[in-house]
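Below are the chains, spelled out letter by letter.
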Amino acid sequence: MYYQNQFQNYKRHLKERYANLLEQSNSYRFVDEAKSDLAAFKAMKILKKINQVSYLDRDVIV
């Protein structure tokens with residue numbers, strides 16, 4: 001039960017960060033292309049972590 005709550009909290013934190021980075025990427029798209037690309041790259045890395053946590057969370061439940 002503890003691990004399930006821990007995974008849910010971590011996943012929620014990552015999703016919030018992912019949404020913020022996507023918003024940054026879209027807002028900088030026409031202003032500063034380098035900042036936009038950096039934010040998009042960080043968002044991709046966080047999406048990978050979200051997928052890993054989702055997989056581990058599925059393993060704990062089963």
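Every value quoted in this text rests on a predicted model; they were computed, and no experiment measured them. (Residues numbered from 1 in each chain as written. Predicted model: local features only at pLDDT ≥ 70, side-chain atom pairs only at ≥ 80, totals over all residues. Heavy atoms only, no water.)

A. Inspection of the nonpolar core at higher detail. Formed by Phe7, Leu14, Leu21, Ala39, Ala43, Ile46, Ile50 and Val53, the largest nonpolar core amounts to eight residues. At the level of elements, helix 1 (2-27) and helix 2 (33-61) are the ones that each hand at least two residues to this core. Broken down by element, this core gets its largest block of residues, five residues, from helix 2. Those residues in contact with Ala39 that sit more than four places away from it in its chain are Leu21, Gln24 and Ser25. (Core = buried A, V, L, I, M, F, W, Y, C linked by side-chain atoms within 4.5 Å. Buried < 20%, exposed > 50% of the residue type's maximum accessible area, 1.4 Å probe, protein only. Helix = DSSP H or I, 4+ residues; strand = E, 2+ residues; numbered from the N terminus. Contact = heavy atoms within 4.5 Å.)

B. Highlighting the environment of Tyr3. When you line up the elements, Tyr3 lands in helix 1. Spatially, the C-alpha atom of Tyr3 lies 34 Å from that of Asp37, the residues being 34 residues apart in sequence.

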